[in-house]
Amino acid sequence: MRIRLLTITHKSPAWIQEGYEEYAKRLPASCMLELIEIPAEKRTTNADLKRLTEREGEKMLAVIKPQHHVIALDVRGKLWSTEQLAKELANWQQEGRHLDLLVGGPEGLAPACLQKAETIWSLSPLTFPHILVKLIVAEQIYRAWSILQQKAYHRGGSI
């Protein structure tokens, strides 16, 4: 299974990139995580943000693979616990389909991307900086995979 993380982004700080790479490399080839960064449109004081978001959406739609299960990350999506994410990951692996996870830019995903998605997933009702989301998603995918493999990484419990 290949999981492609498609993100609209500006250049990430080194610590974000290093964190993402750390979790991505922990995953085996049977659950490979690949990052596809689509450059964000330039935002100026008088920019038409709706149009910029639409253009970013067009770029994202152009790289989605037709046979992939498309999952949009959006605050209005389904909230899953880590254990629920592990069950979803197991289902996706069993289906034998690859995934395209869509992460929008500062204004979120274009409506066309949300319409294309078969699933809409919310990481939290909180708003995260879009450059941080790739690190969070990579860690959560690794955590879900480690649950399925019965690795000691996930200890569960509450804080």
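Coordinates for the structure precede this section.
Computed from a predicted structure; not experimentally measured.

Undergrad: How would you explain unusual backbone geometry if you had to name every residue and give the values?
TA: For Q150, which is not glycine, the phi torsion reads 55 degrees and is therefore positive. Mapping Q150 onto the fold places it in the segment after α5 (130–148).

Undergrad: Outline the pattern of salt bridges, listing residues and values.
TA: Inspection of every chain in the model, using the stated rule, returns 14 salt bridges. Close ionic contact of E56 with R43 constitutes a salt bridge, the shortest N to O distance being 2.7 Å. In this pair, E56 sits in helix α2 (residues 49–63) while R43 sits in the loop between β2 (32–39) and α2, placing the two residues 13 residues apart along the sequence. A relative accessible area of 2% means that E56 is categorised as buried. In this structure, E139 engages R143 in a salt bridge whose closest nitrogen and oxygen atoms are separated by 2.8 Å. Here the residue E139 and the residue R143 both occupy positions in helix α5, the gap between them amounting to four residues, near one helical turn. Through salt bridges that share partners, E22, K25 and R26 make up one connected network.

Undergrad: So what's going on with the environment of L89? Which residues, and what values?
TA: Looking at the element boundaries, L89 is found in helix α3 (residues 82–95). Using a relative accessible area of 0% as the deciding quantity, one classes L89 as buried. Along the chain, L89 and Y20 lie 69 residues apart, while their C-alpha atoms are 19 Å from each other. Sequence-distant contacts of L89, defined by excluding residues within four places in its chain, comprise M1, I3, C31, I141, A144, W145 and L148.

Undergrad: Hey, could you go over the sheet that holds strand β4 (residues 99–103) for me, with residue numbers and the actual values?
TA: Judged by pairing direction, the sheet is parallel, and its five strands sit side by side in the order β2-β1-β4-β3-β5 without closing on themselves. If you trace the sheet from one side to the other, it starts and ends with β2 and β5 (119–122), each paired once. Each strand of the sheet is rotated relative to its neighbour by a mean of 30 degrees, with strand direction disregarded. Of the pairings in the sheet, the one linking strand β3 (residues 69–79) to β5 comprises five bridges and is parallel in character. By the bridge assignment for β5, I71 is matched with T119. Sheet strands in contact with α3 are β1 (2–9), β3, β4 and β5, and its direction is about 160 degrees off that of β3.

Undergrad: Got a sec to walk through the packing of aromatic side chains? Specific residues and values, please.
TA: All chains considered together, the criterion is met by four aromatic pairs. For the pair Y142 and W145, a centre-to-centre distance of 5.9 Å together with 35 degrees between the ring planes defines the contact as tilted. Of this pair, Y142 and W145 both sit in helix α5, three residues apart, which is roughly one turn of the helix. For the pair shown, Y142 and W145 are each scored as buried. Among the aromatic side chains, those forming a connected cluster through ring pairs are Y23, Y142 and W145. One cation-aromatic arrangement involves R26 over Y142; the distance from NZ or CZ to the ring centre is 5.3 Å.

Definitions and cut-offs
- Residues numbered from 1 in each chain as written.
- Predicted model: local features only at pLDDT ≥ 70, side-chain atom pairs only at ≥ 80, totals over all residues.
- Heavy atoms only, no water.
- Helix = DSSP H or I, 4+ residues; strand = E, 2+ residues; numbered from the N terminus.
- Salt bridge = Lys/Arg side-chain N within 4 Å of Asp/Glu carboxyl O.
- Buried < 20%, exposed > 50% of the residue type's maximum accessible area, 1.4 Å probe, protein only.
- Contact = heavy atoms within 4.5 Å.
- Pairing = 2+ DSSP bridges.
- Axes fitted to C-alpha atoms, helices over the stretch in contact; angles between N-to-C directions.
- Phe/Tyr/Trp six-rings, centres within 6.5 Å; stacked < 30°, edge-to-face > 60°.
- Lys NZ or Arg CZ within 6 Å of the ring centre and 35° of its normal.

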